[in-house]
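Working through the structure, step by step
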Amino acid sequence: MPNLRPSPITPTVDFDAEGVQHGFLRLPYSRDDSAWGSVMIPICVIRNGEGPTALLTGGNHGDEYEGPLALYDLARTLDPKDVSGTVIIVPAMNYPAFRAGTRTSPIDKGNMNRSFPGRPDGTVTEKIADYFQRHLLPRADIVLDFHSGGKTLDFLPFCAAHVLPDKEQERKAFAAVAAFSAPYSMRMIEIDTVGMYDTAAEEMGKVFVTTELGGGGTSRAETVRIARRGTLNVLRHAGIVSGAVETQPTRWLDMPSGDCFSFAEDDGMIETVVDLGESVEKGTVVARIHPVGRTGGAPQEIRAKMAGVLTARHFPGLVKAGDCAAVLALVEG
Ligand SMILES: [Zn+2]
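Rules used throughout
Along each chain, numbering runs from 1 in the same order as the chain's sequence is written. Selection of residues for local features in this predicted model requires a pLDDT of at least 70, selection of side-chain atom pairs for listing and counting requires 80 or more, and totals for whole chains, interfaces and linings are taken over all residues. Based on all heavy atoms of the structure, the side-chain values leave hydrogens and waters out of the count. Numbering of helices and strands runs from the N terminus; a helix is a DSSP stretch of H or I covering at least four residues, while a strand is a stretch of E covering at least two. Given the number of residues in a helix, its expected span is that number minus one, multiplied by 1.5 Å. Type-normalised accessible area, obtained with a 1.4 Å probe on protein chains alone, sets the label of each residue: buried when under 20%, exposed when over 50%, and partly exposed for intermediate values. Whether two residues touch is decided by their heavy atoms; if any such pair falls within 4.5 Å, the residues are in contact. Any carboxyl oxygen of Asp or Glu within 4 Å of a side-chain nitrogen of Lys or Arg constitutes a salt bridge here. Each metal's donors comprise the N, O and S atoms found within 2.8 Å of it (within 3.2 Å for Na, K or Ca). Water is not part of the atom list, so some coordination spheres may appear incomplete. Centre distance within 6.5 Å is the pairing criterion for rings of Phe, Tyr and Trp, where only the six-membered ring of Trp is used; planes under 30 degrees apart are then read as stacked, over 60 as edge-to-face, and the remainder as tilted.

**As for helix H1 (residues 66–77)**
For H1, built from 12 residues, the straight-helix expectation of 16 Å at 1.5 Å per residue is met to within 8% by its first-to-last C-alpha distance of 17 Å. Among the residues making up H1, those that are buried are Glu66, Gly67, Pro68, Ala70, Leu71, Asp73, Leu74 and Ala75. Looking at the buried side of H1, the elements it contacts are strand E2 (19–28), strand E3 (38–48), strand E4 (53–57), strand E5 (85–90), helix H2 (95–100) and helix H6 (221–237).

Encoded structure:
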């Protein structure tokens with residue numbers, strides 16, 4: 001571990017104080033419109049005595065809304081009398097991105113989920129990541145990080161964990177996924193794990209669960225209900241909030257290999273031929289990319305590389321070469 005300088009972030013909350021605190025992670029950010037200004041990242045700490053600590057985050061990507069909707073709500077309503085231990089809530093982790101309504105930060109184009117472990121002397125996004133890496137993750141026993149598809153993808157609503165080398169850690173993560181009780185539960189693989197918050201938490205041995213709950217740069221009534229119920233369920237499962245887990249039926253999905261992902265190879269207009277949740281055979285056309293520069297061109301067909309259920313799709317009507325067009329997953333059992 002290199003000898004890193006201290007984080008420039010100052011919390012206005014005391015993580016060891018009892019009761020409810022609403023405050024900020026204050027990060028100095030000197031700029032044209034605010035010479036000695038700061039980025040003020042909202043944080044809530046709810047503590048009642050000894051017990052485990054949950055770290056709940058939304059807005060890791062700034063254009064995904066189920067997490068922030070569930071977590072601002074939880075921060076406002078969770079009664080410390082119902083808590084045993086500590087709940088740390090950061091509803092909008094990449095706060096500059098969240099305020100801009102964009103996936104990455106408008107300040108430095110930082111993608112929070114590719115910025116870990118961060119740097120105390122780096123960009124604004126790297127400084128936030130570094131604070132999570134060295135100050136918040138070490139406090140947590142269980143970490144729940146909300147995602148959805150943002151402006152460019154739409155997902156079946158699922159809670160997920162990763163297959164891990166430590167099988168006991170993996171078992172605990174999937175038990176928390178089951179407790180979340182989303183309509184779908186996923187054994188997830190990642191395209192690109194370097195710099196992910198997930199990887200940082202898992203390498204520290206934390207129980208880490210994540211979600212993909214919808215997308216398109218907005219939320220739906222159903223996906224917000226899933227997020228709110230799932231958050232309380234994970235806290236109940238961890239023994240931090242009193243009451244029984246409200247289980248709902250879930251379908252387990254598995255992403256066994258990179259064959260899950262299909263990418264556009266041309267620019268054009270996407271026609272989704274299969275809807276989310278529909279089953280396909282290997283070789284089925286799941287989408288067509290229509291050339292738009294002139295008439296008469298044949299569409300590029302995107303075929304399923306494996307049998308499965310359509311789990312995610314490109315959201316806007318226009319695509320570029322390299323965009324993720326479709327994601328399939330296997331239904332277990
Ligand atoms: Zn995301």
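**A closer look at the pattern of salt bridges**
Pairing between side chains of opposite charge can happen when the charged atoms of each approach one another. If you walk through the whole model with that rule in mind, you get 19 salt bridges. Residue Arg31 is joined to Asp33 by a salt bridge in which the shortest nitrogen-to-oxygen separation is 3.0 Å. The exposed category is assigned to Asp33, whose relative accessible area is 65%. Its salt-bridge partner being Glu222, residue Arg220 comes within 3.4 Å of it at the nearest N-O pair. We classify Glu222 as partly exposed; its relative accessible area is 33%. Residues joined by salt bridges that share partners form a network here, namely Glu18, Arg47 and Glu50.

**Observations concerning the environment of Pro291**
Along the chain, Pro291 falls in the loop between strand E15 (285–290) and strand E16 (300–303). Residue Pro291 is classed as partly exposed on the basis of its relative accessible area of 33%. Once the C-alpha coordinates of Pro291 and Gly268 are considered, the two residues, 23 residues apart in sequence, prove to be 4.9 Å apart. Apart from residues no more than four positions distant in its own chain, Pro291 is found in contact with Gly297, Ala298 and Pro299.

**A few points about the coordination of the zinc ion**
The zinc ion binds to the protein through His61 (ND1), Glu64 (OE), Glu64 (OE) and His147 (ND1), with metal-donor distances spanning 2.1 to 2.3 Å. With relative accessibility at 6%, the residue His147 sits in the buried group.

**Focus: the packing of aromatic side chains**
For the coordinates displayed, the defined rule picks out 10 aromatic pairs. Summarising the aromatic geometry, the rings of Phe116 and Tyr197 are spaced 5.1 Å apart at their centres and angled 40° between planes, so their arrangement reads as tilted. Taken together, the residues span a long stretch of sequence, with Phe116 in the loop between H2 and helix H3 (124–136) and Tyr197 in helix H5 (residues 197–203) at a distance of 81 residues. Across the pair, Tyr197 and Phe116 agree in class, each one buried. With 5.7 Å between their ring centres and 80° between their planes, Phe155 and Phe158 make a pair best called edge-to-face. Taken as a pair, Phe155 and Phe158 share a single burial class, namely buried. Of the aromatic side chains, those joined through ring pairs into one cluster are Tyr65, Tyr72, Tyr95 and Phe98.

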